[in-house]
Structure formats: structure tokens, C-alpha cells
Amino acid sequence: MFDVIGALMPVVLIEVATFRHASAFKLLLAVATCMGAEGMFQAMRGRRATLGDGSALLTGLILGLSFPANTAWHIVFVASLVAIGLGKMAYGGLGQNIFNPAMVGRAFAIVAFPAALGAAAYVPAVDGVTMATPLSAFKAEGMVAPLTLLFAGIGESAYGTSSALASVVGGLYLCFRRAASWEIPASMIGTAALFALVIQLLGVSGGWTVLHELSGGALVFGAFFIATDPVSSPLTPRGKWIFGAGIGALVIVIRKLTGYPEGVMFAVLIMNAVVPLINRWTIPTPLGGPMPVRTA
Amino acid sequence: MALGGCVMIAALTASLSLRPFAGGVHPPERKHFAEDMPIEVLPTPALLTVPLHQHAGAPCVSKLKLRQEVKWGEVIADAEAFVSAPIHAPVNGIAQIGGVTTLPNGRHVKTAPIKSGPTQVDPAELKQTLLGGPWPFADIGAIDPAAIVAKCRAGGLVGEGGAAFPTHVKLARNEKRPVDTLLVNGCECEPYLTSDYRLMLEAPGAIVAGALLAARACGATRVVMAIEDNKPHAIDVVRPVAAEHGATVAVAPTKYPMGGEKQLIPTVLGRVVPNGGLPLDVGVVVINVGTATALAAAALRDRPLTHRVVSVTGAGIAQPKNILAPIGASIADLIKFCGGLKPDTARVIAGGPMMGFALNSLDVPVTKGTSGIVALTREDVRRSEETSCVRCGRCVDVCPLRLVPTKIALASRHRDWETARAYHLRVCCECGCCAYVCPASIPLVQLIRMGKAIGKDV
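Per-chain numbering applies: the sequence of each chain, read as written, is numbered from 1 onward. Chains and ligands are labelled by the order in which they are written, letters from A for the one and numbers from 1 for the other. Only residues with pLDDT of at least 70 get local features here, since the model is predicted, and only at 80 or more are side-chain atom pairs given and counted; chain-wide, interface and lining totals rely on the full set of residues.

S.K.: So what's going on with the overall build of chain A? Which residues, and what values?
M.R.: Helix and strand assignments follow DSSP, with helices taken as H or I runs no shorter than four residues and strands as E runs no shorter than two, numbered in order from the N terminus. Counting secondary structure elements, chain A contains 13 helices and 0 strands. Secondary structure elements in chain A, listed N-terminal to C-terminal, are α-α-α-α-α-α-α-α-α-α-α-α-α. Counting other C-beta atoms within 10 Å of a residue's own tells you its class, since 20 or more makes it buried, 12 or fewer makes it exposed, and anything in between is partly exposed; those C-beta atoms are placed from the backbone. Put simply, chain A has 296 residues, and 51% of those count as buried. Long-range pairs, those at least 24 residues apart, make up 73% of the contacts in chain A with a sequence separation of at least 6. C-beta atoms are first placed from the backbone for all residues, and any pair lying within 7 Å is then listed as a contact.

S.K.: Pulling in residues and values, what's your account of the overall build of chain B?
M.R.: When helices and strands are counted, chain B shows 16 helices and 18 strands. Restricting the calculation to C-alpha atoms gives the radius of gyration, and the globule rule supplies 2.2 Å times the number of residues raised to the power 0.38. For chain B, whose C-alpha radius of gyration is 22 Å, the value lies close to the compact-globule estimate of 23 Å for 458 residues. Expressed along its principal axes, the backbone C-alpha trace of chain B runs to roughly 65 × 60 × 45 Å. The buried share of chain B, taken over its 458 residues, is 54%. Taking the contacts inside chain B whose residues are at least 6 apart along the sequence as the reference set, 72% of them involve residues at least 24 apart.

S.K.: I'd like to hear about the pairing of strand β13 (residues 284-288) of chain B, residue by residue, with values.
M.R.: Among the 5 residues in β13(B), 5 count as buried, and that is most of the element. Here β13(B) shows a buried face lined by B:Val284, B:Val286 and B:Asn288 and a second buried face lined by B:Val285 and B:Ile287.

S.K.: I'd like a description of the domain arrangement of chain B, backed by residues and values.
M.R.: Residue and element names in this part refer to chain B. Domain borders in the structure are assigned automatically or taken from a domain database. Here chain B is partitioned into domain 1 (5-35 + 125-301), domain 2 (47-121), domain 3 (308-372) and domain 4 (394-454). Opposite the 11 residues of domain 1 that make contact, domain 4 presents 11 residues. Each residue is assigned to one of three groups, with Ala, Val, Leu, Ile, Met, Phe, Trp, Tyr, Cys and Pro labelled nonpolar, Asp, Glu, Lys and Arg labelled charged, and all others, Gly among them, labelled polar. Here the residues of the side of domain 1 that touches domain 4 are counted per class, giving 5 nonpolar, 5 polar and 1 charged.

S.K.: Break down the nonpolar core for me, citing the residues and quoting the values.
M.R.: Residues enter a nonpolar core if they are buried, belong to Ala, Val, Leu, Ile, Met, Phe, Trp, Tyr or Cys, and are joined to the set through C-beta atoms within 7 Å. In this structure, B:Ile207, B:Ala211, B:Ala214, B:Val285 and B:Leu334 are the most contacted members of the largest nonpolar core, which totals 146 residues. Here this core takes 11 residues from helix α7 (residues 204-218) of chain B, the largest share from any one element. In this view, B:Leu334 contacts B:Leu42, B:Val310, B:Val312, B:Ile323, B:Ala325, B:Ala329, B:Val366 and B:Ile373; residues no more than four positions away in its chain are not counted. If you look at the next biggest cluster of nonpolar residues, it comprises 69 residues, including A:Cys34, A:Ala164, A:Met188 and A:Val251.

S.K.: Could you give an account of the interface of chain A and chain B, naming the residues involved and the relevant values?
M.R.: On the side of chain B, 23 residues touch chain A, which itself brings 19 residues to the contact. Class assignment of the residues belonging to the side of chain A that touches chain B gives a composition of 11 nonpolar, 7 polar and 1 charged.

S.K.: Go over the environment of B:Gly161 with me, naming the residues and quoting the values.
M.R.: All names here are of chain B. Tracing the chain through its elements places Gly161 in the loop between α4 (145-154) and α5 (167-171). Considering only alpha carbons, one finds Gly161 and Ala46, 115 residues apart in sequence, at a separation of 27 Å. With residues near it in sequence (within four places) discarded, Gly161 still touches Asn185, Gly259 and Asn288.

S.K.: Break down helix α8 (residues 164-176) of chain A for me, citing the residues and quoting the values.
M.R.: Residue and element names in this part refer to chain A. Expected helix span is taken as 1.5 Å per residue step, with the number of steps being one fewer than the number of residues. For α8, spanning 13 residues, the distance from its first C-alpha to its last is 18 Å, which sits close to the expected 18 Å at 1.5 Å a residue. Where α8 is concerned, the buried positions are Ala164, Ala166, Ser167, Gly170, Gly171 and Leu174. Along α8, the residues classed as buried sweep out an arc of 150 degrees about the axis, all on the same side. Positive phi appears at Arg178, one or two residues downstream of α8, with a value of about 60 degrees. This arc is built from the directions going out from the helix axis to the C-beta atoms.

S.K.: Describe the packing of helix α13 (residues 405-413) of chain B against helix α16 (residues 444-454) of chain B, and please don't skip the residues or the numbers.
M.R.: Residues and elements named next belong to chain B. To obtain an axis, a line is fitted to C-alpha atoms, over the contacting stretch when the element is a helix, and the angle between two such axes runs from 0 to 180 degrees between their N-to-C directions. Contact geometry for α13 and α16: axes closest at 8 Å, N-to-C directions at 55 degrees. When the interaxial angle is binned, α13 and α16 end up oblique. For the pair α13 and α16, the crossing hand works out as left-handed. For the pair α13 and α16, the contacting residues are Pro405, Thr406, Ile408, Ala409, Ser412 and Arg413 in the first and Leu444, Leu447, Ile448, Met450 and Gly451 in the second. In terms of residue class, the contact of α13 with α16 is built from 7 nonpolar, 3 polar and 1 charged. To sort the angles, those under 35 degrees are grouped as roughly parallel, those over 145 as roughly antiparallel, those from 65 to 115 as roughly perpendicular, and the leftovers as oblique. Two helices crossing with the near one rotated counterclockwise from the far one by less than a right angle form a left-handed crossing, whereas a clockwise rotation gives a right-handed crossing.

S.K.: Quick one: what's the story with the pairing of strand β16 (residues 345-350) of chain B, residue by residue and with numbers?
M.R.: All names here are of chain B. In this description, strands pair whenever DSSP reports at least two bridges between them. Of the strand pairs in this sheet, β16 and strand β18 (residues 372-377) are connected by 5 bridges, and their pairing is antiparallel. Each bridged residue has a counterpart across the sheet, and for Arg347 the counterpart in β18 is Leu376. Hairpin remark: β16 followed by strand β17 (residues 357-358), antiparallel, with 6 residues in the connecting loop; positive phi at Gly351, about 95 degrees.

S.K.: Can you lay out the sheet that holds strand β5 (residues 75-78) of chain B for me, pointing to particular residues and giving the numbers?
M.R.: Residue and element names in this part refer to chain B. Taken together, 3 strands build an open sheet; the order of strands is β3-β5-β6 and the sheet is antiparallel. The open sheet terminates on both sides in strands that have one partner only, identified here as β3 (61-62) and β6 (87-88). Two strands pair when backbone bridges link them, and β5 and β6 are joined in this way by 2 bridges, in the antiparallel orientation. Looking across to β6, one finds that Ala77 is bridged to Ile87.

S.K.: Describe the sheet that holds strand β10 (residues 181-186) of chain B, naming the residues involved and giving the relevant values.
M.R.: Residue and element names in this part refer to chain B. What the 4 strands build is an open sheet, ordered β12-β11-β10-β13; its pairing is parallel. Of all strands in the sheet, those bounded by a partner on one side alone are β12 (248-252) and β13. Sheet twist, expressed as the average angle between the axes of neighbouring strands with direction ignored, equals 25 degrees. Direction of pairing for strand β11 (residues 222-228) relative to β12: parallel, over a ladder of 5 bridges. Note on β12: the bridge partner recorded for Glu228 is Ala252. Strands β10, β11 and β13 of the sheet are contacted by α7, whose axis makes an angle of about 150 degrees with β10. Helix α8 (residues 232-244) contacts β10, β11 and β12 of the sheet and is inclined by roughly 155 degrees relative to β12.

This is how it looks when you write it as C-alpha cells:
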């Protein structure tokens, strides 16, 4: 848990450096609300406080990073409450939830406050880089953002800043520490790249190349930090490959075929729902084969 | 020439670095406590409580009458069943009233207590008889295989590695399943334990003689001694003796549980033993180095299995030792011989820390399967509170049998036998790698063990 929090620091630093106090306030609010909610719900259930395990802190951090810097405080607050309350505690707390809690909170906010979280809500940040997110700008006006800016994540996007560069740095550390399974980011990014490549080769990409698709939005951030949540992802390596591939494919499908500029959140939630099935499909055959059925 | 050299170098590298099985863990080895302590003979205890069921298979029935005088090596209990092994008097003495004891694994068994008599075999002579050379290697090739199997049965031999499977059952030839390789298991992958290591250093002749006898009995044409690469001295000592008699040494990478048959056979020979089957099914018989020495003594000197080497070790033991102890000696006697327990001892384990059983009493007898006694201190036994499974999958990564331990363990806890079966509960070898790595401190292997015990028809 604390490895993941540490690995998030490059992303957090780039975001705070770009958006200053607005971003710092949003992140602190999300973390404080998530931790407060966890403490409160545990007390209501008459259970021991579990704040020390760092999981509420992590949910708050990921949720906070998934909102633009200037999101109204009450939206962040409500999303945090829902993330912990509905996304985690309703299932019985740590380890019991089916869906990624941070994504549950964010999905709730997107549905509850559609106007506030649409592309129109984006205002110039302190040092004013862009108006809308590169993904929504492309979707609405076909404007292709410069790739280097996109990859470094200095611009604004649907998910905080989601610097792909910082995500890769932190994510590789996570995989190296084995705090996240490398199979999920590998298959998710690989599949998304494959789908984007097909679209590019079909000549319908409008100048938005595979690299744009990978660097823009939350794809890399989501691959390393959201999809790898162990609780809501499959157990076995084979299951993880299927899970990651499903998310990667869905992200591109949602980006290209729906009204949403970004698809990571819905892709993760949809695949979360399939995890119990994936687990059942991918029970590994033991070394030496299954035990023969005993005939009495 | 150049090509031949390349092939030779390739063959050499291949023999030096075997690829280990997938999964497994590297627990701290902690062998330093007792690895340099030569095997000592335990002074004969006043009373020996000999359990009548020390092996896999049918229990034995005592043949003793009250106050009957017995001599070292005399049969005191036997069973009709094929899968069973007779039990012999470990000392000269007088039979007492039979009782019941609870073995470390929780099994309640009948006992044949023997009060030791005033005259016993001299310790040095005992060690020489059971382990010392020279051994008549030249004669082994002429012995009738069936006679060797008969001596195993008569000598009460069982596997000394832990499972205590009767050796004569393992070695009996089966025309349908011919054996080509005899593997001697000198891995001793459990942390702390050093009894097999000391045997390899002090009795390589007995081990090789036993291995050749076993190979002759089961019809194996190749004898391979497998030793982990963390025991270079043992490799140096065993290799020349083995080479002299046509056996080879395979150096296995150090990894727990390399000493498990289902890990060792794939690593050394590249063959996978089917679940529910035996190494025999892939043409292999595996015997432990302790069993090999017992086989040499039984077949060549007519000495049955009455003593075995037990490591008494760990930070909680005043003077760790490797002890040649009579079967039936109380674990308390062994610990006393090692200067007793240190005051900060928190737990005493029969067997190694990974697969052994914590004792609730030291008044438990040594059996043919007792490989060691490990005393852990408060510092070693760090008890951490169990938290929820977050499905991190570490247990899946380390399971050497490719199981999903968390699913089996939690299904066992909830008596969900359908799920436990779907995830292959019965395949588990209880090596404990899963519980060792679990970041949530869930007692995975203990839950699985419980599931196997109470979910009988799963």
C-alpha cells in the first residue's frame, strides 16, 4: 500500500507544480475526506480503525488525482464519501469490494455533476496551459496536441494532469517492487496500442496517432495505478492478462465510439464486474494435473 | 576439437546450474546453529516411549508382555498389512504397561514403553555399527533385489524425510512401472535442520551403499544424489564417494521446498509427477539420505531402524547438537542433553519451521520421521495480526504446485468444499510458502491443512 503511495509521488509532484495550491487543496481534501469517511464507517460498524493500512489514503490520492485541479470542493467531498462508503464499506471493507473504490466515487460525481465536470468547466490553470483537456479538444475540434507536451503531462486532462512520464516512472518502480502485477499494465497498454494502431492504419485517426492515444488522458496512469488495484483485479497471471487486455480494448472503444473523450474509468469498472468470472475461467491447472477423482 | 570442447563446457554448465522449479521461497537458512556439530549419541534415557504407529499405513500391534525383557533390535510390534513397518526395541530393557501418546502431528497413538536396562551398547560402537564404514560395496551387485526389499520390511525402514512412507513398498519392483533412476534426497531445504547435512559429511559411505542397495532393489540403472548448492562441503565429501561407485551428484539450486519430491524430480530430471501418483509413475524412486544409511545398516549389517539423527537446534537451545537418538526417546531428554532451553524460548517445533508442528508438550517421543527439534525465541516468533486478503496474489506466485492458496484457504475456513475442490485442495503439499509470504498474515497453509482434515470427501 505504502509502496503505491510512494510510487504516486512523481505524478503528485508534477500536478502540484503545475497547478499549485488549487491542486494541493483538492488532493488534501480528497485524502482527508476518504480517511475521515473510513474512520467514521468503521466506527459505525463497531470495527477497529483501519486507517493505518494506508488504503483509504491511497483511494483519496487516486480519486483526487482523477479530478481537474479546479473542481468544486463539494464535488470532491461527495465523491470521496461515495468512494469509501459505497465503493468499499458497503461490501465489508478492505478486500471485499468488487469495484475500484476511487472509480466508483468518480463515476458517481460524473453522473451527479455532469455540467461541472464537462469540458466546459475547465478554466486556465495558474500558469495557463490549455483550456479543455487535449482529449476533449481533439474530440470536439479535431485539435491535435503536441506529443511531447502530452507525454510529459504538463497540459491539463480529464484526470488531473496524469503525466504519462511520471506514471511510467512510478509504475515501473511499483512493478519492480512487485507491489503491482506487471501483467496488467503490459496487457492494457499493449491492447490499447494495438487497437489504436488499427485505427491509425485504417486512416480514420485524424492525425491522433498511437502515441497520442497512449500519452493522452489517463491511459498510462490508469494502467499502472488504477487497474492494478489487487482487490478488484484477478488473482492469476492469466487472469491479469485477460483483465488488462479487456480494459485496454474498452478504453479505445469508449474514446472512439461514445460521447466520452476518456474511457479509463468506465473500462476499469466494466472489467471489475467481470473479475469473478475471469477468476473462475482461469483456475490454473496444478503442476502434475488435477487430482484424479477417487472411486470408492 | 573445438566443437567437443563447447559440448563439454555446455554439459558442465548444465550439470552445475539446474533450473529450479517455478515458485518457492528463500527463507533465511539459519543452519549455522548446528551445522558444525558432529553427530553425538544420546545417553540412553531411563524410559523410552515407543509409538506403535510412526509411519504411513497400518498401525502396529505390540508383541510384548508386561515386564518382558527385550534386546536392542528385537521386533516389538508388527502389523499384517503390506503398507506398514515393524517396530524394534531401541535399547536393551524391560517392557512396561502400554499407554497412549499424542504425536506432534496431533495423532493419538498407542505406545510400548520400555524401561532401559543397566547394560547398553557402547555409544561409539553404536554409531560405528549404524553409520561407520567400511561398507562391502563389491557385494551389493550380487544381492538378490527381493532380499533387499525383505530386509527393508524386516528392518522397519520408513522414509526419514518426514512422510515416513514404508521403504519396502517404495522399492518393490513393479513390472508395469519400471524404474530407471534412484534419486537420493540430500536437499534438506527446511531452515535450521542439519541432520541430513551431518550424515552427508560423516557417513557418505553409508549413504552411497544404501543408495546402491535401493537402486538394485527397485531396478534403477542410474543413481543421482541431489544436494542443494548451499552445502558445498557436503557436495565435496559425497561427490568422490559417489563417483567411485558409479553414482553422480546433482547440485540443485537452493530454494524452498527443493526437498519435496514434486519439486526435486522436475528440477533434476525434468519429469513431472502426476498428482495422485507416485514418483514411480515417472520411473523414479526418491529416498532421503537418512533412509539410505538405515538401508545400508539393515541390509548389510542386519541392524533395524532403531535410531535416527535428530537436529536439536535454534536460538532457544543452549547448545545446539545433531543427535543420534533412539526412537521413543522423549524430546525433553534430547533438549536436556543440549543444555536445556534458553529462558526466552517461545516455541518448540517438531520438524522444520516451514512444515513442522509446534509442540504443546516436550513429553513427546522421537519417531522414525522426526528430523529435528527447533526452539524459536520470542524474537523469532513475531506474531502479527491477521488482516483481510487483498488478493495481491503473492501466494499464487510462490506456490510450487501452481495453486491459488488464498481461494483454497478461505474456502476451507468457510467450509465451502465445492470451491475448495474446484481450486484443487487435495493437490496441496502443505509446504507453507503461501503462509510465509502472505502480507496479510493469513494462516493459509494451516487453513488448507484443516480443510483437508475436516473436508474428508473433497
